[in-house]
Amino acid sequence: MNTKERTGSIDWQTVRAHVKRAEIALKEALNPSPERAKAIMDARARALSQVPAPARPPGVGVDVVLFGLGKECYAIEARFVREVVRFSDYAPVPGTPEFIVGVTNLRGVSLAVVDLRRFFNVPQKGVTDLSRIIVLGTTQVEFGILADEAHGQIELTVNDILPVPDEVSGIGRAYLRGVTGEALIILDGAALLGDQRLIIGNEKESGI
């Protein structure tokens, strides 16, 4: 009888050899030798080093407060905004420019309210339940901007803010910082707060 162990066409010697190699491979995987373990760790380290670097930040964040004037959406940097309050009663101030709506009482303080719609030729809706005052100031309250409504706060990046188009002219241009691709108009808070014409009591000094 042939010494090779065969039953039909099955080569049992080959089968046992495959099983033996599989057992050895499994043991090495579960209990690798020091050399094998080092090789595995080196391979993992190389794989980790291939992780893509995080994307570069798109730009410095700019928090802005959104509000509406007519059908347009405006924004101003949040660092110039003290608070946003409902606009209700106010008292006209004789002898002030037409863009000064009047003064309102803000917790015992007389707050001048400016109507920027006159600068930007925006149709006036009149005062409604949605009307708000965007109270401006840095170290203290300075004056308020009358808004037809407020839309909350978002974050832009400096890359989002584009230069003011050359075709934009008029008195309102001095108060514009830029625009976005979505037609959001960004006001220049520093220019507004630095303009003495917008503060009641300085009309004569400013020549108005």
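Quick note: structure is the one above.
None of these values were measured; they are calculated from a predicted model.

What follows covers the packing of aromatic side chains. Overall, the coordinates contain two aromatic pairs when judged by the stated rule. When the ring of Phe-67 is compared with that of Tyr-74, the centres are 6.1 Å apart and the planes differ by 20°; the resulting orientation is stacked. Of the two residues, Phe-67 and Tyr-74, neither departs from the other in class, the shared state being buried. A ring pair is formed by Phe-87 and Tyr-90, whose centres lie 5.4 Å apart and whose planes are at 25°; its orientation type is stacked. With a relative accessible area of 4%, Phe-87 lands in the buried category. Residue classification places Tyr-90 among the partly exposed positions, given a relative accessible area of 39%.

The next subject is the sheet that holds strand S12 (residues 185-187). Strand order in the open sheet formed by five strands is S10-S3-S4-S12-S11, with mixed pairing between adjacent strands. Looking at strand neighbours, the two that pair on one side only are strand S10 (149-157) and strand S11 (176-179), the edges of this open sheet. On average, each strand axis in the sheet is inclined to that of its neighbour by 30°, with strand direction left out of account. Pairing analysis gives three bridges linking S11 to S12, with the strands arranged antiparallel. Bridge pairing in S12 places Leu-176 opposite Leu-187.

Moving on to the environment of Phe-87. With respect to the helices and strands, the residue Phe-87 is situated in the loop between strand S5 (81-86) and strand S6 (100-106). With 42 residues separating them in the primary sequence, Phe-87 and Asp-129 have C-alpha atoms 8.1 Å apart. Here Phe-87 is in contact with Val-101, Val-113, Val-127, Ser-131, Arg-132, Ile-133 and Leu-146, once residues within four sequence places are set aside.

This part covers the side chain of Arg-132. Mapping Arg-132 onto the fold places it in strand S8 (residues 132-137). Here Arg-132 is buried and forms no salt bridge, its nearest opposite-charge partner Asp-129 lying at an N-O distance of 7.4 Å. Among the polar contacts listed, one links the side chain of Arg-132 to the backbone oxygen of Asp-129, at a separation of 3.0 Å. Sequence-distant contacts of Arg-132, defined by excluding residues within four places in its chain, comprise Val-84, Val-85, Arg-86, Phe-87, Ile-145, Leu-146, Ala-147 and Ala-150.

Our next topic: unusual backbone geometry. A positive phi angle, near 50°, is found at Arg-107, a position not held by glycine. Of note, Arg-107 is situated in the loop between S6 and strand S7 (109-114).

One open sheet holds the five strands; their spatial order is S5-S8-S9-S7-S6, and the pairing between them is mixed. Each end of this open sheet is capped by a strand with a single partner; those strands are S5 and S6. Strand-to-strand, the axes of this sheet are offset by a mean angle of 30°, without reference to chain direction. Pairing of S7 with strand S9 (residues 141-147), which is carried by two bridges, proceeds in the parallel orientation. The residue bridging Val-113 from the neighbouring strand is Gly-144, located in S9.

Calculation criteria
Just so you know, the residues in each chain are numbered from 1, in the order the chain's sequence is written. Where totals are concerned, whole chains, interfaces and linings use all residues; where local detail is concerned, this predicted model gives features only for residues with pLDDT of at least 70, and gives and counts side-chain atom pairs only at 80 or more. To get the side-chain values, all heavy atoms of the structure are used, and hydrogens and water are removed first. Each Phe, Tyr or Trp ring, with Trp reduced to its six-membered ring, pairs with another whose centre is within 6.5 Å; inter-plane angles below 30 degrees give stacked pairs, above 60 give edge-to-face pairs, and intermediate values give tilted ones. Exposed residues in this analysis have more than 50% of their type's maximum accessible area, buried residues have under 20%, and partly exposed residues fall in between, with area computed by a 1.4 Å probe over protein chains only. One requirement defines pairing of two strands: DSSP has to find at least two bridges between them. Secondary structure is summarised from DSSP: a helix means a run of H or I of at least four residues, a strand means a run of E of at least two, and numbering begins at the N terminus for each. Angles here are taken between N-to-C directions and fall from 0 to 180 degrees, while the axes themselves are lines fitted to C-alpha atoms, restricted in helices to the stretch in contact. Note on contacts: a residue pair is in contact if any heavy atoms of the two residues lie within 4.5 Å. When charges are tallied, Lys and Arg are placed among the positive residues and Asp and Glu among the negative ones, while His and the ends of the chain are skipped. The working definition used for a salt bridge is a side-chain nitrogen of Lys or Arg within 4 Å of a carboxyl oxygen of Asp or Glu. Within 3.5 Å is the distance limit for a polar contact, defined as a pair of N or O atoms, with the added protein rule that one can donate a hydrogen and the other accept it, and that residues adjacent in sequence qualify only through two side-chain atoms.

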